[in-house]
Amino acid sequence: MKEVLLVSDKGGTGKSTVLGILKNIYSNEAIFADCSFSSHWHYDDKKANEEYFYLGNEPKVDDNLCLFCGDCERVCEFLAIELSGEGILLDRQKCTGCGHCYHICPANAIQLKKINAGKIYTIGDTDVGLIVCGVLQHYPKNGTRPVTIIRNKAIELGKLYAKNWLFLEAPSGWNIITLSLLHYCSVLVIVIEPHAMVFSFLDKIIESTKAFSIKVKLVISKSDINSIISTRIIQEYKQWEIICLPWSDSSENDNHTYFDTFVV
Amino acid sequence: MLISILGTRGGIGATTLLSNLHSFIRSQNEDTVWFSLTDPFPPLFSVNSLEWEKQYSFKRNIPEWNYNTCNFCNSCVQVCVNEAIAPFPDKHVIYSELCNSCKSCISSCKYNALEFQEKETGYIKKMTSVQNTVLKIKLFGREILSQWYLRETFSFLKNTYHNNTFKLVDIPSGYRELWADVFKLSDIVIVYTDDPFLWELIFKSHSPRHANLILAVTEKTKNEFFKTGYSYAIPVPYNKEITRTTIQGFPTQDFDFIDSTRKIYQQIKVIQPHERSSTGI
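Note that the structure is predicted; figures quoted are calculated from it, not measured. (Residues numbered from 1 in each chain as written. Chains lettered and ligands numbered in written order. Predicted model: local features only at pLDDT ≥ 70, side-chain atom pairs only at ≥ 80, totals over all residues. Heavy atoms only, no water.)

### Quick word on the overall build of chain A
Argument step 1. When helices and strands are counted, chain A shows seven helices and eleven strands.
Argument step 2. Seen along its three principal axes, the alpha-carbon backbone of chain A occupies a region of about 70 × 40 × 35 Å.
Argument step 3. Considering only contacts in chain A between residues 6 or more positions apart, those separated by 24 or more positions represent 74%.
Argument step 4. Of the roughly 12,200 Å² that chain A leaves accessible, carbon and sulfur atoms contribute 50%. (Helix = DSSP H or I, 4+ residues; strand = E, 2+ residues; numbered from the N terminus. Contact = heavy atoms within 4.5 Å. Areas by Shrake-Rupley, 256 points an atom, 1.4 Å probe, with all protein chains shown as cover.)

And the structure:
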């Protein structure tokens, strides 16, 4: 199963739109994973499957066993747990799940509970295209794990339904989360808007992908709203296949046949 | 007065809205500071030469590995909840972007091979080539924006600038884990959304002790909000001309858009006297 990763430097460039176009073309050959948690899929209707996922731990204090000694408060590096008149108070925002309080408690009154980090949805069917996406709760500890969970689920389904392609939409930005998805892909699709800040982003990608043998394709979304920059991008990044998408008020009705051979 | 903008999805136009609001507030002769927590910087503030001056250093305690005393027992690797320590045949590498300074590894090491060292992991820089006060965050290497950086940034802003200065903070979308702190630490949060369901969740769980909320919604979805009782939602238009002027670096001339920024400013002024009186001016 070959992997195609869609990235961008900022939100709103049109990654999801491009993914939608590719979905119409590759619907029954591929599985689609939205790792950006951008919550634009309508998962209330047509949802095939919904499951919770858990990330990290959080202390839970049993008030009956607690001795009110305050050791947990003293050992916490993050000032997240506090002994007060009403008992033990936990600041969920400050807690990092390191477990020091759990280890130090002399009465074993603290247990570590898995945090419900969010939900993973599988929408659609194998004809129209299966999409794996998710929503995050307010307080999950992030890092690369939520993204990996979505990707793993997509791979599981892809193998089950013998799909040839996996299209992944990464969260915006170029950081460890995007890089963690880069290892596995054979095609990288960069979706950008033509603004002055985009060159340092593209140069960062060149630097990061030197060590990988990846085919890079560039989509300049809304290319006609800043043609000076669009032209400059085309001139400077000749080594990549570049597609210019002009502004469209509703891209579903547009003709996108130039994407037919995009990832081959 | 610290005002954050929170776009509930990437590309909704939060930065565009906030940068135009910044222009509007400045036109009212109010002291304003722009702070960008996002990497792409609004072209609105770009001039031909981007010159910066470092204002504040982010320093984090990251464990430093000592080759001489390490016994390669790998207790530190096993105990790290963030998987931030990677054992190699001849050394241990600590990935600072994954480390949250919890000290578990240092505590677990019987050979004193790990010790905290203060490392600069990023900084706040100020643009010197413009008249406006424009600041941006810069993180090194693979460091990622986290609650720690957010808290440090907000403290820096509150300590450096006067209470009455409008401090506009552009929060990047997608960092769901930062939202609770944004609500707690800001005076006002402009929630810019196209999702009535999500707004309902935010509104119902919001504490009156935290920031005052201003609801801005996309023009396309305004009726959904009005129907469900949120008549105070401020609709914001989105079209090719607005996007074009923004991307080319000018404030928009779109009348409806300017009207939206004026309405937001009016709501801010309604909230502001309550803030002022608490500082006893």
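### Here's the deal with the overall build of chain B
Argument step 1. In terms of helices and strands, chain B carries nine helices and eleven strands.
Argument step 2. For chain B, the C-alpha atoms occupy an extent of roughly 70 × 45 × 45 Å along the three principal directions.
Argument step 3. For chain B, the residues scored as buried account for 52% of the 281 residues in total.
Argument step 4. Partitioning the contacts of chain B with sequence separation of at least 6, the portion at a separation of at least 24 is 71%.
Argument step 5. Carbon and sulfur atoms provide 48% of the accessible area of chain B, an area that totals close to 13,200 Å².
Argument step 6. The centroid of the 30 positive side-chain charges in chain B is displaced by 1 Å from the centroid of its 28 negative side-chain charges. (Buried < 20%, exposed > 50% of the residue type's maximum accessible area, 1.4 Å probe, protein only. Lys, Arg positive; Asp, Glu negative; His and termini not counted. Charge placed at Lys NZ, Arg CZ, Asp CG, Glu CD.)

### Some points on the nonpolar core
Argument step 1. Grouped together as the largest cluster of nonpolar side chains are 79 residues, with contacts concentrated most on Leu5(A), Leu188(A), Ile190(A), Leu202(A), Ile233(A) and Leu157(B).
Argument step 2. Contact partners of Leu188(A), with chain neighbours within four places excluded, come to Leu5(A), Val7(A), Trp174(A), Leu182(A), Ile205(A), Thr209(A), Ile214(A), Lys215(A), Val216(A) and Lys217(A).
Argument step 3. One finds Trp34(B), Leu168(B), Ile190(B) and Ile268(B) within the second-largest nonpolar core, a separate group that totals 28 residues. (Core = buried A, V, L, I, M, F, W, Y, C linked by side-chain atoms within 4.5 Å.)

### Details of the interface of chain A and chain B
Argument step 1. Counting from both sides, the interface comprises 37 residues of chain A and, opposite them, 37 residues of chain B.
Argument step 2. For the pair chain A and chain B, the summed buried surface comes to about 3,200 Å²; carbon and sulfur atoms form 57% of the total.
Argument step 3. In this structure, the connection of chain A to chain B is made through three salt bridges.
Argument step 4. Two residues, Lys184(B) and Asp91(A), come together in a salt bridge whose shortest N-O distance is 3.8 Å. (Buried area = accessible area lost by both parts, 1.4 Å probe. Salt bridge = Lys/Arg side-chain N within 4 Å of Asp/Glu carboxyl O.)

### So, the sheet that holds strand S11 (residues 234-236) of chain B
Residue and element names in this part refer to chain B.
Argument step 1. Read across the open sheet, the nine strands follow the order S3-S6-S7-S2-S8-S1-S9-S10-S11; overall the sheet is mixed. Among the strands making up the open sheet, the edge pair consists of strand S3 (52-65) and S11. Strand-to-strand twist in this sheet, taken as the mean axis angle between neighbours without regard to direction, amounts to 25°.
Argument step 2. Direction of pairing for strand S6 (residues 114-127) relative to strand S7 (residues 133-139): antiparallel, over a ladder of five bridges. Its bridge partner lying in S7, Tyr-123 is registered against Lys-138. (Pairing = 2+ DSSP bridges. Axes fitted to C-alpha atoms, helices over the stretch in contact; angles between N-to-C directions.)

### Digging into the side chain of Thr32(B)
All names here are of chain B.
Argument step 1. One can find Thr-32 in strand S2 (residues 32-36).
Argument step 2. We classify Thr-32 as buried; its relative accessible area is 8%.
Argument step 3. Reaching out from Thr-32, the side chain makes a polar contact with the side chain of His-22 at a distance of 3.5 Å.
Argument step 4. Setting aside residues no more than four positions away along its own chain, Thr-32 makes contact with His-22, Ile-25, Arg-26, Thr-133, Thr-165 and Phe-166. (Polar contact = N/O pair within 3.5 Å; in protein donor to acceptor, adjacent residues only side chain to side chain.)

### Structural notes on the environment of Ser227(A)
Argument step 1. For Ser227(A), the position within the fold is in helix H7 (residues 227-236).
Argument step 2. Note: C-alpha distance between Ser227(A) and His195(A) (32 residues apart in sequence) is 9.7 Å.

### Re the pattern of salt bridges
Residues and elements named next belong to chain A.
Argument step 1. By the definition in use, this model includes 26 salt bridges over all chains.
Argument step 2. Its salt-bridge partner being Arg-74, residue Asp-71 comes within 2.9 Å of it at the nearest N-O pair. Within this pair, Asp-71 and its partner Arg-74 are both found in helix H2 (residues 71-75), separated by three residues, close to a single helical turn.
Argument step 3. For Lys-217, the salt bridge identified is with Glu-241, shortest N-O distance 3.0 Å. Placement of Lys-217 in strand S10 (residues 215-221) and of Glu-241 in strand S11 (residues 241-245) is noted, with a sequence separation of 24 residues between them.
Argument step 4. Residue Glu-241 is classed as partly exposed on the basis of its relative accessible area, which comes to 37%.
Argument step 5. Members of the salt-bridge network, linked through shared partners, are Lys-10, Glu-193 and Lys-222.

### A short note on unusual backbone geometry
Argument step 1. Residues other than glycine seldom take positive phi values, yet Leu79(A) does so here, at roughly 55°.
Argument step 2. Its location among the elements puts Leu79(A) in the loop between H2 and strand S4 (81-84).
Argument step 3. Its identity is not glycine, yet Ser101(B) carries a phi of approximately 60°, on the positive side.
Argument step 4. Judged by relative accessible area, Ser101(B) falls into the buried class, the value being 16%.

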